[in-house]
Amino acid sequence: MHSVETKQKIELTKIATKKKRENFKHYIPLYLMALPAFIYLFVNNYMPLYGMKLAFTELDYAKGVFNGDWVGFENFKFLFSTSDAWIMIRNTVLYNLLFIVFGTAFSLTVALLFNEIMNKAARKFYQSLTLIPYVISMVIVSYLGFAFLSSETGFINNSILKPLGIDAISWYQEPKYWPFILLFVHTWHGIGYSLLMYTARILAIPREYYEAAEIDGATKWQQLKHITLPCLKPVIILMTMLALGRMFSSDFGLFYQIPMNSGALYSVTTTIDTYSFRALMKLGDITMASATGVFQSFVGFILLFLANYAVGKFSKDNRLF
Amino acid sequence: MKFGRYKKWEISGHIVLSILALLAIIPFLLLIISSFSDEQSVVRNGYSFFPEKFSLVAYQYVFEQWQMIGKGYMVTVIVTCIGTFVGTSISALLGWTLSRKNLPGRSMLLFIVTFTMMFHGGLTAQYIIYTQIFELKNTILGLILPNLLMNGYFVMMFRNYFETSIPGSLLEAAKIDGASEVKTFFKIVLPLSGPIVLTIALPLGLLYWNDWTNGLYYLSRDSNLQSIQTILNNINENIKFLQDNNLGTASSGISSAELPSTTIRMAMAVVGIVPIICAFPFLQKWLVRGMTEGAVKE
């Protein structure tokens, strides 16, 4: 009895392994199809993980870039002993908060008003025009900004301030205006996209809700408060949490191009991304650039993880990963 | 007149959206008008919507410099075409592999992809790998490979589409007919995947067309691989160089081709914008589609 059972078992495992092997063979072409993308991910995403070690070593070209002596967290100590570190973190976080709060409120308001427009052609017209800035690169946006802000030939100084008898302003030298300018450009560049996104969500709200409300004689304000906003709440919370998860990253183009990388403005325009770019490419300080990058990667990862966890608590379907 | 009592809401909507639409295009108008303005009147009165005098000199200059700009365009077109084609293809192939439910090791492969969406080594670490190990500096690959080519989101969008939008019965039938996985993909899945391919390819193409960061990182200033956006960025860098060092154009050693006059600068930006504006209606359709698709992925 016993031996027969064992035999059967052996037979079964044999068949199973054979099947598995055949199964595997059947899938080989699929692995091959996936290969190019995996090679790219390996080069573009996984090898830089090794490059991160530069943040923990002392750079010594004689020994080769990757063979510097291990110094632990010394580079980070140095980075955080500078005022640059504090300024770039402050700027990155504050601009993100500003964009989240103002951006959400503004795009939501615009989307709600847009939703009241019934004329199809008008809707299409507004949507197209507001989307144009979104497809233009930040370099070209900086040319547009320059046309308005240049101190000698700019439109604002020459055609607005001069006729009003106000002295010309050196826009690219005066930090105090830049939080507003950057907020404006950020909103200007992104409003078409947010409008589309919120509109898609508003259109997904069942029409019957509004019809019922109208029959009950609800005012538009009441409909907004009791139907539209509650229906949009999940999206708003989701987007806010995801944005909070990205609080340590910034739009490099916005902060580098729009102020034209002007030194006088660094105190209000330097973010983590522009700092590490300058450290790496302009100052050749690979160690500081690496330390900044590693710091940003880890904090960014923790925040994203927390945000994802929070989103998951709130609605499983919307998790990022 | 059903909506009569809500008229004031609609009117406010029109007012706000008109203002936004105007704000969206006014800067472009200023740019275009400036590019057609007479250089002297710009120097005297600044960029203006109503210049004293119009002139085609800026464009004349741009066409004289066509060697530089035309080459820039060529680089942009080549990089955009290769990058978009390769990026979309390899994302689609990986997306298809990951959409096969019985694939051995599928969850591990999925993790390899999702990890790249959660954690990024940073541009510095990436730059060091690409320049020290792969020596991409001043090569066309330096414009194509870093960062842009593909990412986990593309792959996941493809995978979602293949899992939800290709009828299972078709795949089942192919299997019964003995078609291999490769054949199934190319003969059955791909012909049904037009929408998702365009949803990925058009924004990716836009990304390549507009990219100046790879040029900034991976090209030295004298490189002859400068794309149109990199040329525009270099003009910016030169202006900044002059401002920082308080130099006049004459004493800076920067030639006039590298630091064009006020109107020429604007004409070059116009040259950079035109193709995007031409492609805009088409682009818009697929950007919108990609977004609504992404929005209803649940």
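Residues numbered from 1 in each chain as written. Chains lettered and ligands numbered in written order. Predicted model: local features only at pLDDT ≥ 70, side-chain atom pairs only at ≥ 80, totals over all residues.

**Some remarks on the overall build of chain B**
- A count of helical and extended segments in chain B gives 14 helices and zero strands.
- Ordered by position from the N terminus, the helices and strands of chain B form the series α-α-α-α-α-α-α-α-α-α-α-α-α-α.
- The buried share of chain B, reckoned over its 298 residues, is 39%. (Helix = DSSP H or I, 4+ residues; strand = E, 2+ residues; numbered from the N terminus. Buried ≥ 20, exposed ≤ 12 C-beta atoms within 10 Å, placed from the backbone.)

**What about the overall build of chain A?**
- When you go through chain A residue by residue, the secondary structure sums to 13 helices and zero strands.
- Ordering the α and β elements of chain A from the N terminus gives α-α-α-α-α-α-α-α-α-α-α-α-α.
- Over its C-alpha atoms chain A spans a radius of gyration of 28 Å, topping by over 25% the 20 Å that the globule rule assigns to 321 residues.
- Overall, chain A is about 105 × 75 × 35 Å in size when its C-alpha atoms are taken along their principal axes. (Rg over C-alpha atoms; globule rule 2.2 N^0.38 Å.)

**A short note on the environment of Gly105 of chain B**
- Here Gly105 of chain B is to be found in the loop between α4 (66-99) and α5 (106-118).
- Judged by the 11 C-beta atoms lying within 10 Å of it, Gly105 of chain B is exposed.

**Regarding the interface of chain A and chain B**
- Counting residues at the interface gives 76 residues for chain A and 88 residues for chain B.
- Looking at the side of chain A that touches chain B, the elements that each hand over two or more residues are α1 (2-51), α3 (83-115), α4 (120-131), α5 (138-149), α6 (155-161), α7 (178-203), α12 (272-282) and α13 (286-314) of chain A.
- When residues of the side of chain A that touches chain B are assigned to their parent elements, the largest contribution, 17 residues, is made by α1 of chain A. (Contact = placed C-beta atoms within 7 Å.)

**Structural notes on the nonpolar core**
- With 127 residues, the main nonpolar core has Ile140 and Ala147 of chain A together with Phe158 and Ala269 of chain B as its most contacted residues.
- A total of 11 residues in this core trace back to one element, the largest contributor, which is helix α14 (residues 262-295) of chain B.
- Structurally, this core is a two-domain feature, drawing no fewer than three residues from each of domain 1 (1-65 + 257-298) and domain 2 (77-225) of chain B.
- With residues near it in sequence (within four places) discarded, Ile140 of chain A still touches Leu232, Ala269, Gly272 and Ile273 of chain B. (Core = buried A, V, L, I, M, F, W, Y, C linked by C-beta atoms within 7 Å. Domains from an automatic or database assignment.)

**Some thoughts on the domain arrangement of chain B**
Residue and element names in this part refer to chain B.
- Split by domain assignment, chain B resolves into domain 1 (1-65 + 257-298) and domain 2 (77-225).
- On a C-alpha basis, the centres of domain 1 and domain 2 stand 32 Å from each other.
- The partner domain 2 presents eight residues to the eight residues of domain 1 that form the contact.
- Within the side of domain 1 that touches domain 2, the residues separate by chemical class into four nonpolar, one polar and three charged. (Nonpolar A, V, L, I, M, F, W, Y, C, P; charged D, E, K, R; others polar.)

**Some remarks on α4 of chain A**
Residue and element names in this part refer to chain A.
- With 12 residues, α4 extends 17 Å between its outermost C-alpha atoms, agreeing within 8% with the 16 Å of an ideal straight helix rising 1.5 Å per residue.
- Turning to α4, its buried residues number three or more, namely Tyr126, Thr130 and Leu131. Looking straight down α4, one finds that the buried residues subtend no more than 120° of arc, so they occupy a single side. What points out from α4, more than 90 degrees from its buried face, is the exposed set Lys120, Ala121 and Lys124. (Expected span 1.5 Å × (residues − 1). Arc of directions from axis to C-beta.)

**Section: unusual backbone geometry**
Residues and elements named next belong to chain B.
- One non-glycine residue with positive phi stands out, namely Glu135, at about 50°.
- Along the chain, the position of Glu135 falls in the loop between α6 (123-133) and α7 (141-144).
- Given 11 C-beta atoms within 10 Å, Glu135 falls into the exposed group.
- A positive phi is found at Asn147, a non-glycine position, where the angle reads about 70°.
- Along the chain, the position of Asn147 falls in the loop between α7 and α8 (152-165).
- Take Asn147: there are 17 C-beta atoms within 10 Å of it, and that puts it in the partly exposed class.

**As for the packing of α3 of chain A against α7 of chain A**
Residue and element names in this part refer to chain A.
- Axis separation between α3 and α7 bottoms out at 8 Å; the angle between their running directions is 50°. Between α3 and α7, the angle falls in the class oblique. At the point where α3 passes α7, the crossing takes the right-handed sense. Across the interface between the two elements, Tyr95, Leu98, Phe99, Phe102, Gly103, Phe106, Ser107, Leu108, Val110, Ala111, Phe114 and Asn115 from α3 touch Leu182, Leu183, His186, Thr187, Ile191, Ser194, Leu195, Tyr198, Thr199 and Ile202 from α7.
- Residue composition of the contact of α3 with α7, grouped by class: 15 nonpolar, seven polar and no charged. (Axes fitted to C-alpha atoms, helices over the stretch in contact; angles between N-to-C directions. Parallel < 35°, antiparallel > 145°, perpendicular 65-115°, else oblique. Left-handed = near helix turned anticlockwise from the far one by under 90°.)

**Quick look at the confidence of the model for chain B**
- Taken over all residues, the pLDDT of chain B has a mean of 87, while the share at 70 or more is 90%.
- Across chain B, element-level confidence peaks in α7 of chain B with a mean pLDDT of 95 and bottoms out in helix α13 (residues 228-245) of chain B with 82. (pLDDT = per-residue confidence, 0-100.)

**Observations concerning the environment of Leu131 of chain A**
- Mapped onto the elements of the fold, Leu131 of chain A is located in helix α4.
- Under the C-beta neighbour-count criterion, Leu131 of chain A is labelled buried, with 20 such atoms within 10 Å.
- Along the backbone, Leu131 of chain A and Leu229 of chain A are 98 residues apart, and their C-alpha atoms lie at a distance of 24 Å.
- In this view, Leu131 of chain A contacts Gly192, Tyr193 and Leu196 of chain A together with Gln284 of chain B; residues no more than four positions away in its chain are not counted.

**Some words on the environment of Ile235 of chain B**
- Mapping Ile235 of chain B onto the fold places it in helix α13.
- Measuring from C-alpha to C-alpha, the distance between Ile235 of chain B and Arg265 of chain B comes to 8.0 Å, with 30 residues separating the pair along the chain.

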